[in-house]
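What follows is each chain in one-letter form.
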Amino acid sequence: NPDKAVAALRVTRLANLWLADAEGGPARPLTSITSPEDSPMGIAATGAGSLVYSAPRDQFLRVWAVDLAGGEPRPLSSGEGHAIARGAAGDAIVFDRLDAGGVHIWSMSADGSGVRQLTSGAGEQVSALSPDGRWVAFNPYDDFRAVSLVSVESGRVSPFARTTGGVVAFSPDGTKLLLGQLESDEK
């Protein structure tokens, strides 16, 4: 029956990471991924000479690292849950973890050690990481117009603003946080 036809489109993506000198010269590959299922996404540079990203493994998204000097990518996260790399600065990596307990913000060192949960509210996801790796800004699920900060070092959560349109970014020196603001108009 032509009135009941269904159309579908499947798109696959195969990605690899390459490193190029900003002053010129040929780029060199950092990864040699051959399957779309292992393709990197959500890439961030650490201060420890590596890149971190997310890619699937064993039915879950994992945080991976690859050294800028070369070598094989190595998994930094494991377990029953998805780990989505959201930022890196200095020795800190922050990621969103979705598991049976919900979505919360976690951190670890650039070598994968010191993994710990930073938030435990109704649900939280990283909006921005300060350039010094000390603070994560986020919108709590139970109050999307609010912005809170969590200390990567202590895990202490502090409310920051109550009625925003969302987090944009930290300033380059990490001392200010740019927020969006929603305003009503006549329409």
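In what follows, the accompanying structure is described.

Basis of the calculations
Residues numbered from 1 in each chain as written. Predicted model: local features only at pLDDT ≥ 70, side-chain atom pairs only at ≥ 80, totals over all residues. Heavy atoms only, no water. Helix = DSSP H or I, 4+ residues; strand = E, 2+ residues; numbered from the N terminus. Buried < 20%, exposed > 50% of the residue type's maximum accessible area, 1.4 Å probe, protein only. Areas by Shrake-Rupley, 256 points an atom, 1.4 Å probe, with all protein chains shown as cover. Pairing = 2+ DSSP bridges. Phe/Tyr/Trp six-rings, centres within 6.5 Å; stacked < 30°, edge-to-face > 60°. Lys NZ or Arg CZ within 6 Å of the ring centre and 35° of its normal. Core = buried A, V, L, I, M, F, W, Y, C linked by side-chain atoms within 4.5 Å. Contact = heavy atoms within 4.5 Å. Salt bridge = Lys/Arg side-chain N within 4 Å of Asp/Glu carboxyl O. Axes fitted to C-alpha atoms, helices over the stretch in contact; angles between N-to-C directions.

Focus on the overall build of the protein
So, point 1. For the protein, the helix and strand inventory stands at 0 helices and 16 strands.
So, point 2. Taken across its 187 residues, the protein has 42% of its residues classed as buried.
So, point 3. Carbon and sulfur atoms form 53% of the exposed surface of the protein, whose accessible area is close to 11000 Å².

So, the sheet that holds strand S7 (residues 82-89)
So, point 1. Within the open sheet, the 4 strands sit side by side as S7-S8-S9-S10. Their pairing is antiparallel. Two strands in the sheet have a free side with no partner beyond their single neighbour: S7 and strand S10 (116-117).
So, point 2. Two strands pair when backbone bridges link them, and strand S9 (residues 102-109) and S10 are joined in this way by 2 bridges, in the antiparallel orientation. Counted as the bridge partner of Ser107 is Arg116 from S10.

Brief notes about the packing of aromatic side chains
So, point 1. Enumeration over the complete set of coordinates arrives at 2 aromatic pairs.
So, point 2. The side chain of Arg97 reaches across the aromatic face of Trp106, ending 5.5 Å from its centre.

Considerations on the nonpolar core
So, point 1. Core analysis: the biggest nonpolar cluster contains 13 residues, and Val52, Val63, Leu76, Ala88, Ile93, Phe95 and Met108 have the highest contact counts within it.
So, point 2. Tallying contributions element by element places S7 first for this core, with 3 residues.
So, point 3. When near neighbours in sequence (up to four residues on either side) are disregarded, Val52 contacts Gly42, Ile43, Ala44, Thr46, Val63, Trp64, Ala65, Leu76, Ala88 and Ile93.
So, point 4. Among the nonpolar cores identified, the runner-up in size contains 11 residues, and Ala89, Leu118, Phe138 and Val150 belong to it.

A few points about the pattern of salt bridges
So, point 1. A full pass over the atoms with the stated rule returns 5 salt bridges.
So, point 2. Arg86 is paired through a salt bridge with Asp96; the nearest N and O atoms lie 2.5 Å apart. Separated by 10 residues along the polypeptide, Arg86 in strand S7 and Asp96 in strand S8 (residues 92-99) bring together distant segments of the chain.
So, point 3. The partly exposed category is assigned to Arg86, whose relative accessible area is 38%.

Looking at the sheet that holds strand S13 (residues 147-151)
So, point 1. Reading across the sheet, the 4 strands line up as S11-S12-S13-S14 and stay open at both edges, with antiparallel pairing between neighbours. Strands with a single pairing partner mark the edges of an open sheet, and in this sheet they are strand S11 (126-129) and strand S14 (157-161). Neighbour-to-neighbour, the strand axes of this sheet turn through a mean angle of 30°, independent of strand direction.
So, point 2. In the sheet, strand S12 (residues 135-138) pairs with S13 via 4 bridges, with the strands oriented antiparallel. By the bridge assignment for S13, Trp135 is matched with Ser151.

Focus: the pairing of strand S3 (residues 41-45)
So, point 1. Strand direction decides the pairing type here: S3 and strand S4 (residues 50-57), joined by 3 bridges, are antiparallel. Considered in S4, the bridge of Ala45 is made with Leu51.
So, point 2. As consecutive antiparallel partners, S3 and S4 are separated by 4 residues, and within that stretch Gly49 has a phi angle of approximately 75°, a positive value.

Some words on the environment of Lys4
So, point 1. With respect to the element layout, Lys4 can be found in the segment before strand S1 (18-19).
So, point 2. Given a relative accessible area of 65%, Lys4 falls into the exposed group.
So, point 3. For the pair Lys4 and Asp143, spaced 139 residues apart in sequence, the C-alpha to C-alpha distance is 42 Å.

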